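Residues per chain, in single letters:
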Amino acid sequence: MKPINNRITGLALLALLLCTALLSAKLGAVPISLQEIKNAFMHLINGNEIIELNERIFLQIRLPRVLMGIFVGAALAVGGVLTQALFRNPIVEPGLIGTSSGAAFGAALYFVLGATFGSNWGEWTLPIAACIGGTVATVMVLFLAQSKNDHRRGVASLLLSGIAINALFLSGVGFLSYIARDPQARSITFWNLGTLSGSYWEALYIVLSVTSICIWFSLRLAKQLNALMLGEQEAQLLGINIPQLKLMVLCLNVIMVAVSTAFVGVIGFVGLIVPHFLRMIQGADNRFLLWGGALLGAWVLTASDLLARLLLAPAELPIGIVTSLIGVPVFIILLKRTNYLF
Amino acid sequence: MKNSTLLLLISLVASSCGRFGNTDEKTDSQERIVCISKQYAEIIYALGAQKEVVAVDLSSTYPPEIKALPTIGYHRALSTETILAMKPSLILHDNNIGPEHVVTQLKELQIPMKTFGNYTPTIAGTDSLIREMGHYFGKEKQADSLCVKLHKEAQEAFAHSKHYTQTPKVLIIHFGRASNIYLVMTKNSTAAKLIEWAGGEMAVDAEKGMKQLSPEVVAAANPDIILLTDFGYDRLNDGKEIDKLPGISSTKAYKNNQIYRIEEHDLVYTGPRTGENVLRIQELIHPDETH
């Protein structure tokens, strides 16, 4: 298949994302009309107090939720592009190398024992705890995957170590929710399946700033990642500092994924499917994959959240269930088709 | 752990689909109350104040006609928009609701929320709650007659208990909706109070009111009587398949065929029918001595 012009694909994705976001802002258990959305913004700009309930619902619940979906989706997809490029393997994603489960454990630890530690950085405490957990788990996986005989990191050993470490940290989360007191246990359960329904502005500001900064840094690494696709030695000959590049990519990935996970829980498959799909239609140029992935990831999560809200309305499904339901069949189809190369 | 939570949630949602589909038939009532407490819901109906209630949580199942109301889901897995879709002017809850972020969002949207006094699960405490709610809804008279009935039946039950020569050990199993897990109610639960009033004692003790216990502890407790809550009893083929639960078949209760069905909503909170429920429990656990 001849790749379509990257700009056109990008514009199409952006248009799709905007339409879906608008739809997502309107639809839900409580339908909100365009007029109400307009009024809400007018009130906000004029600084009036908002009396209409639907306008308040839009500004305090719906809007942060839709925006959260966009930024978390972008973060997860870019995380996927980065890890796949780094390991030169299309079936690696942040969830498989322990980052998500480590972050989940860090956050659960904070929920249950947070008060005991006595440390408090306000809104940042939870994401920091998740980052520490994500870092520890990722480092453990990389360390275990390092073979003694040769310095190549076998992908098989990477994935197997990932399975082991994931199991370890998820049982850690299970243990914590078992010993947790009631409200804490409820938070852990909710958050284990992933949901955007708890989004609020302060959380959004954190995710927004961290994701934007990390994506900006990632875009600067695109050319080096392209060179890395030739192989480590070849990239080194092109003058790329491999250990530094690896460290940068891993740090960006852990920070983005852990901060998102801290607020919305574990959401699978976005980081795996999005880069896969884009690579299939547009080829493996990381210069496009990074920002294209951000757009497509944002769209996938926004659309999934919309489905999660509409399928059983007025009840709501955890979003992790929706992304898995969509992600698994797509993943299987992609695995069966081998007519594209990494 | 993740899988069982998933199963639990899916089955909860699936089993409740029917009630989510109920249509809201109230349009012109002044107050629109969403009641997220099974205890409050039963008292509201007993007081005859249900006119303003537009939706309840999934666990509110008494009286039977309450099931015709729309539901907003499981009280610990609420969703803000599901509640708001009922256009509530007041949310009644007993502080046993979650997740936390939903409560925060409702507060931020300034939806009025009310909790009645936190009374002990005793006859006196129940009396106070019924009277407080009766006053709130302007139904003092009904509240008074409910309390009179409550005290009369409770006194009758207490009088029976004094004459019993034996104190049977009772195990209450809340066979859950997640596959093959069963929860056991402990001495720290409201159900334990009811059993104590009925002249029995709980077979197991633990810090939490309800606990997932090792089958070995259950077997060692060797209860004389097993009460199985409605959902589990029906699912275990009218209790006939209870021997499939580990640890059960070696108990005295199983050998003597003393396993009974009991409605969950008769056990887990106190209310206007508590005296009546204790009398009924007495018939089950003191079959030879009931008058």
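Residues numbered from 1 in each chain as written. Chains lettered and ligands numbered in written order. Predicted model: local features only at pLDDT ≥ 70, side-chain atom pairs only at ≥ 80, totals over all residues.

1. What about the UniProt feature "transmembrane region" (unreviewed entry) in chain A?
Residue and element names in this part refer to chain A.
Here's step 1: In the UniProt entry, the feature "transmembrane region" (unreviewed entry) is given for residues 66-87, 96-118, 124-145, 157-180, 200-219, 247-276, 288-308 and 315-335.
Here's step 2: Here residues 66-87 is 100% helix and 0% strand, with 32 Å between the C-alpha atoms at its ends.
Here's step 3: Its end C-alpha atoms 34 Å apart, residues 315-335 is made of 81% helix and 0% strand. (UniProt positions renumbered as here; feature names shortened; annotations may be inferred. Helix = DSSP H or I, 4+ residues; strand = E, 2+ residues; numbered from the N terminus.)

2. Some words on the packing of helix α3 (residues 53-87) of chain A against helix α11 (residues 242-264) of chain A
Between two packed helices, the angle of one axis relative to the other and the distance separating the axes together describe the packing.
Residues and elements named next belong to chain A.
Here's step 1: Relative orientation of the contacting elements α3 and α11 amounts to 150°, with a least axis distance of 9 Å. In terms of their interaxial angle, α3 and α11 are classed as roughly antiparallel. Both α3 and α11 take part in a crossing whose hand is left-handed. Seen from α3, the contacting residues are M68, V72, A75, L76, V78, G79, L82, T83 and L86; seen from α11, they are K246, V249, L252, N253, M256, V257, S260 and V264.
Here's step 2: Class assignment of the residues belonging to the contact of α3 with α11 gives a composition of 12 nonpolar, 4 polar and 1 charged. (Axes fitted to C-alpha atoms, helices over the stretch in contact; angles between N-to-C directions. Parallel < 35°, antiparallel > 145°, perpendicular 65-115°, else oblique. Left-handed = near helix turned anticlockwise from the far one by under 90°. Contact = placed C-beta atoms within 7 Å. Nonpolar A, V, L, I, M, F, W, Y, C, P; charged D, E, K, R; others polar.)

3. Brief notes about the environment of R19(B)
Here's step 1: Looking at where R19(B) falls in the secondary structure, it is placed in helix α1 (residues 2-20).
Here's step 2: Not counting residues within four places of it along the chain, the set of residues in contact with R19(B) comprises L58(B), K67(B) and T71(B).

4. Looking at the sheet that holds strand β1 (residues 33-36) of chain B
Residue and element names in this part refer to chain B.
Here's step 1: With parallel pairing, the 4 strands of this open sheet are ordered in space as β2-β1-β3-β4. Every interior strand has two partners, whereas the edge strands, β2 (53-56) and β4 (113-114), have only one.
Here's step 2: Sheet topology places β1 next to β2; 3 bridges connect them, and they run parallel. In the strand pairing of β2, V34 is matched with A55.
Here's step 3: Against the sheet, helix α2 (residues 38-47) makes contact with β1, β2 and β3 (90-93), and its axis sits at roughly 130° relative to β1, the strand it touches most. (Pairing = 2+ DSSP bridges.)

5. Examining the domain arrangement of chain B
Residue and element names in this part refer to chain B.
Here's step 1: The domain boundaries assigned to chain B delineate domain 1 (14-115) and domain 2 (162-285).
Here's step 2: Centre-to-centre separation of domain 1 and domain 2, based on C-alpha positions: 29 Å.
Here's step 3: Taken together, the 7 residues of domain 1 in the interface contact 4 residues of domain 2. (Domains from an automatic or database assignment.)

6. Regarding helix α11 (residues 274-285) of chain B
Residue pairs three or four apart in sequence face the same way in an α-helix, which turns once every 3.6 residues.
Residue and element names in this part refer to chain B.
Here's step 1: Here α11 spans 16 Å end to end across 12 residues, near enough to the 16 Å set by a 1.5 Å rise per residue.
Here's step 2: Burial in α11 covers these residues: T274, G275, N277, V278, I281, Q282 and I285. Along the axis of α11, the buried residues cluster in a sector spanning 155°; they form a single face.
Here's step 3: The elements touched by buried residues of α11 are α5 (123-136), α6 (140-163), β5 (169-175), α7 (190-197) and β9 (225-229). (Expected span 1.5 Å × (residues − 1). Buried ≥ 20, exposed ≤ 12 C-beta atoms within 10 Å, placed from the backbone. Arc of directions from axis to C-beta.)

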